[in-house]
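Each chain is listed here by its residues.
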Amino acid sequence: MIEFVNAFFDPDNAFLRIAIYVATLSSISFGIIGTYVVTRRISYLAGAISHCVFGGIGAGLYIQKEVGISWFEPMYGAVISAIMAAIIIGLVSLYARQREDTVIGALWAVGMAAGLIFVDLTPGYFDITSYLFGDILLISMKDLWMVVFLDVLVVAVSIYFYNILLAVCFDQEFAGLRGVYSGAFYILLLCLTSLTIVLLVRVVGIVMVIALLTLPAAVAGQFSRRLWQMMVLAVIFCMIFNWTGLALSYSLNLSSGPTIIIIAGITYIAVISFSRIFHRIKQKSS
Amino acid sequence: MRNNSLLEKMNQHVVVLKDVFFAYNSSTVLENVNLTIKEGEFASIVGPNGGGKSTLLKLLLGLLHPNSGELQVFGKPPEKTRRRIGYMPQHAQFDVQFPVTVMEIVLMGRLGYTLGGRYSKKDRLIAERSLEEVNMAGLAKRSFSDLSGGQRQRVLIARALCCEPDLLLLDEPTANIDPEVEEALFEILKSLNKRMTIMLATHDVGFVSQSVKSVICVNRCVVVHPTSELSGEIIKDIYGGEVCMIRHDHRCSAEGHEND
């Protein structure tokens, strides 16, 4: 651990500092959006969005290298595809109830496949594992500013529309009956989810981003009685998972993304087990 | 003059369905439904699961649209009069672990009257009053997950009341709750019925007879009976099989049947 703290202050390790800043600041969006994803039970939709992001990254690479539009970075493709996926998936889940899971499952795989095809079509060699599993070495100052921007957006929306989003997550149909544009708010939530996913793909990668979105919120849910409490706790848990994950991966020379996820997973299982045992004891004694 | 308008109000039709036909894709759920509900009515919608009770309620809310036929609520298409309807959905659909307090849920009934979802002092007063009406005033700060099944039902009724409705639609308000709780619930509904029209869906017919004024039997077709007419023969028709009716005006003792 001391080794990690020393490395953090080492002037040669600018990448590590930026990674820590991004991991810390992104926890704000992740905790808040993760709470919505867990309570609205749309982690499956978020999973589909994250895989569609890979399609966008592939398309971005193709456009940049093959078509020759050099300013078009893969990240722009990722943002566009994420927003498109969020809107399509939102509309599908609102209007095609019976076949919802089939359509979303298809989008999940097709998004991924499109990304791989684009990578094939693009000349040269690209290490796609950094997108799939995350790589903190890739994080730049530009990412940091994007995370700050996203945090401001997510915090502003979730404070301003707190009551409406609470109602939409708890009972969308009822909110709609009361004259709230519940479908629009639902899609807004999915769009914010997709932007959060895009920015966090850098840290943990496409495959594992869902775990970092849902696990801190799921752990927080065990201790919360109000939605905002769950958000605050989820942010804190997400920060702790990111810090310990980065520190451990640095000192043990492991990949950072998987280390973060393993810590989050173990914590979740431990918390669930303890709360079960605690409830048993409480029931027996009462 | 005044009496006249009162009489007019009494006879006002809250709900009118004319030759309504509804199908999910190719399977017919409701056919040829003709129904009128007058103001001040307390109607119970009964029928087997999948018979179309919830569908009928959703048609009245404008959540579903009839394939053919005419449907009016307060003399207008349902989408335009939703604000006058208080709706309690089936409580089985809720996530009991959702981190939300009783007060927050009840306040959702005020959403249509707020700007950007900010509740005023008046909204809070109405929510408190709604909770009092279902005898839940002391539990406003409780978490939804800490409540019993019967308490959750009452919170959802309070949320519907918080809309200040003229028509109350309840979907299976008595599912999975104890008979005593159920009885208390009907006492509450009976007093609410003094100022609003109530329609509730239930899959058991036995107990409703006491406070309910008429029974709407739904199993693809819709037939309306005043409560006194509900006999074994009619129930057999609704359920399509041999069932026994339980008579609640009747007590059994060791010596035999008191009321016979």
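Presented here is a report on the structure given in the accompanying data block.

Conventions adopted
Residues numbered from 1 in each chain as written. Chains lettered and ligands numbered in written order. Predicted model: local features only at pLDDT ≥ 70, side-chain atom pairs only at ≥ 80, totals over all residues. Heavy atoms only, no water. Pairing = 2+ DSSP bridges. Helix = DSSP H or I, 4+ residues; strand = E, 2+ residues; numbered from the N terminus. Axes fitted to C-alpha atoms, helices over the stretch in contact; angles between N-to-C directions. Contact = heavy atoms within 4.5 Å. Buried area = accessible area lost by both parts, 1.4 Å probe. Salt bridge = Lys/Arg side-chain N within 4 Å of Asp/Glu carboxyl O. Nonpolar A, V, L, I, M, F, W, Y, C, P; charged D, E, K, R; others polar. Phe/Tyr/Trp six-rings, centres within 6.5 Å; stacked < 30°, edge-to-face > 60°. Buried < 20%, exposed > 50% of the residue type's maximum accessible area, 1.4 Å probe, protein only. Lys NZ or Arg CZ within 6 Å of the ring centre and 35° of its normal.

Turning next to the sheet that holds strand E2 (residues 27-38) of chain B. All names here are of chain B. With antiparallel pairing, 3 strands are arranged side by side in an open sheet as E2-E1-E4. What marks the edges here is a single partner per strand, and that holds for E2 and strand E4 (68-73). When strand polarity is set aside, the average angle formed by the axes of neighbouring strands in this sheet is 20°. As judged from the 8 bridges shared by strand E1 (residues 13-24) and E2, these two strands associate in the antiparallel manner. Each bridged residue has a counterpart across the sheet, and for Tyr 24 the counterpart in E2 is Ser 27. Sheet contacts for helix H2 (residues 53-61): E1, E2 and E4; angle to E1, the most-contacted strand, approximately 120°.

What follows concerns the interface of chain A and chain B. Facing the 25 residues of chain A at the interface are 32 residues of chain B. Between chain A and chain B, roughly 2700 Å² of surface is buried when both sides are summed, and carbon and sulfur atoms account for 59% of that area. In this assembly, chain A and chain B are joined by 5 salt bridges. Put simply, Asp 95 of chain B and Arg 41 of chain A hold a salt bridge, and the shortest N to O gap is 3.1 Å. For the side of chain A that touches chain B, the secondary structure elements donating two or more residues are helix H8 (162-170), helix H9 (172-177) and helix H12 (227-252) of chain A. For the side of chain A that touches chain B, the element with the most residues is H8 of chain A, which contributes 7 residues. When the residues that make up the side of chain A that touches chain B are grouped by side-chain class, the tally is 14 nonpolar, 5 polar and 6 charged.

Evaluated as defined, the whole model comprises 15 aromatic pairs over all chains. Summarising the aromatic geometry, the rings of Tyr 160 of chain A and Phe 161 of chain A are spaced 4.8 Å apart at their centres and angled 90° between planes, so their arrangement reads as edge-to-face. The class of Phe 161 of chain A is partly exposed, set by a relative accessible area of 21%. An aromatic cluster of at least three residues, connected via ring pairs, comprises Phe 170 of chain A together with Phe 94, Phe 98 and Phe 144 of chain B. Cation over ring: Arg 118 of chain B sits above Tyr 160 of chain A, and NZ or CZ is 4.5 Å from the ring centre.

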